[in-house]
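Close look at the chain arrangement
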Amino acid sequence: MQFRATSDFDDVNWATLLPNSRLVTLSKRGILVFWDLKARRALSYGMLRGSQGAAVGGRGELIAVAGEGSIAVLKGDNGKQLGLIRLTTDRTPSMAFSSDGQWLAAYTPHNIELI
């Protein structure tokens, strides 16, 4: 099956596959879209200002989206925000979850925070 996600927003700079035939994309302008690959349509849209990257935790239960000095933690099934983590830096971090999804590492030059 071939699937092409198209929209009017800027180029996608991050995407990942989730369980249950879903795809999540994040544009350079911070537009987060959850896609249903079987139905070939967008399920939900969200705007996260200043977002530049994301990480998926566990088996897709959590998505962390990085912004300037903060990380939004979202539910992986619908994108609903569960929390907002303020960082000790105002830079936008790169992130990675531990393999079990229990820890999130946020790192910028000269700084690593475990959450």
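Look a little higher up for the structure.
Thresholds, definitions, all that
Residues numbered from 1 in each chain as written. Predicted model: local features only at pLDDT ≥ 70, side-chain atom pairs only at ≥ 80, totals over all residues. Heavy atoms only, no water. Pairing = 2+ DSSP bridges. Helix = DSSP H or I, 4+ residues; strand = E, 2+ residues; numbered from the N terminus. Axes fitted to C-alpha atoms, helices over the stretch in contact; angles between N-to-C directions. Contact = heavy atoms within 4.5 Å. Buried < 20%, exposed > 50% of the residue type's maximum accessible area, 1.4 Å probe, protein only. Core = buried A, V, L, I, M, F, W, Y, C linked by side-chain atoms within 4.5 Å. Patch = residues over 30% accessible without salt bridge, like charges linked within 9 Å, V, L, I, M, F, W, Y side chains within 5 Å. Areas by Shrake-Rupley, 256 points an atom, 1.4 Å probe, with all protein chains shown as cover. Salt bridge = Lys/Arg side-chain N within 4 Å of Asp/Glu carboxyl O.

**With respect to the sheet that holds strand β6 (residues 62–67)**
Taken in spatial order, the four strands of this open sheet run β5-β6-β7-β8, and their pairing is antiparallel. At either margin of the open sheet sits one strand with a lone partner, and together these are β5 (53–57) and β8 (81–86). The sheet shows a mean angle of 20° between the axes of neighbouring strands, taken without regard to direction. When strand β7 (residues 70–75) meets β8, the two strands line up antiparallel, connected through five bridges. Bridge pairing in β8 places S70 opposite R86.

**Overview of the side chain of T108**
Position of T108 relative to the elements: it lies in strand β10 (residues 104–108). In this view, T108 contacts T89, R91, T92 and P93; residues no more than four positions away in its chain are not counted.

**Quick notes on the sheet that holds strand β3 (residues 31–36)**
Strand order in the open sheet made by the four strands is β1-β2-β3-β4, with antiparallel pairing throughout. This sheet does not close on itself; its edge strands, each paired only once, are β1 (12–18) and β4 (41–47). The sheet shows a mean angle of 20° between the axes of neighbouring strands, direction not considered. Direction of pairing for β3 relative to β4: antiparallel, over a ladder of six bridges. If you follow L32 over to β4, its bridge partner there is G46.

**What about the pairing of β7?**
For β7, a buried count of five out of six residues is recorded, marking the element as mostly surrounded by other parts of the structure. Hairpin connection of β6 to β7: two residues between the antiparallel strands, including G69 at a positive phi of 80°. In sequence, β7 turns back onto β8 through a hairpin of five residues, with G79 there showing a positive phi of about 80°.

**Topic: the nonpolar core**
In this structure, W14, L18, V24, L26, L32, F34, L48, A54, I63, V65, A72 and L74 together form the largest nonpolar core, which totals 12 residues. Of all the secondary structure elements, the ones that give two or more residues to this core are β1, β2 (22–27), β3, β6 and β7. Grouped together as the second largest cluster of nonpolar side chains are nine residues, A64, M95, F97 and L104 included.

**Side note on a nonpolar patch on the surface**
Together, W103, Y107, I112 and L114 make up a nonpolar patch on the protein surface, roughly 480 Å² of accessible area in all. Its place among the elements puts L114 in strand β11 (residues 111–114).

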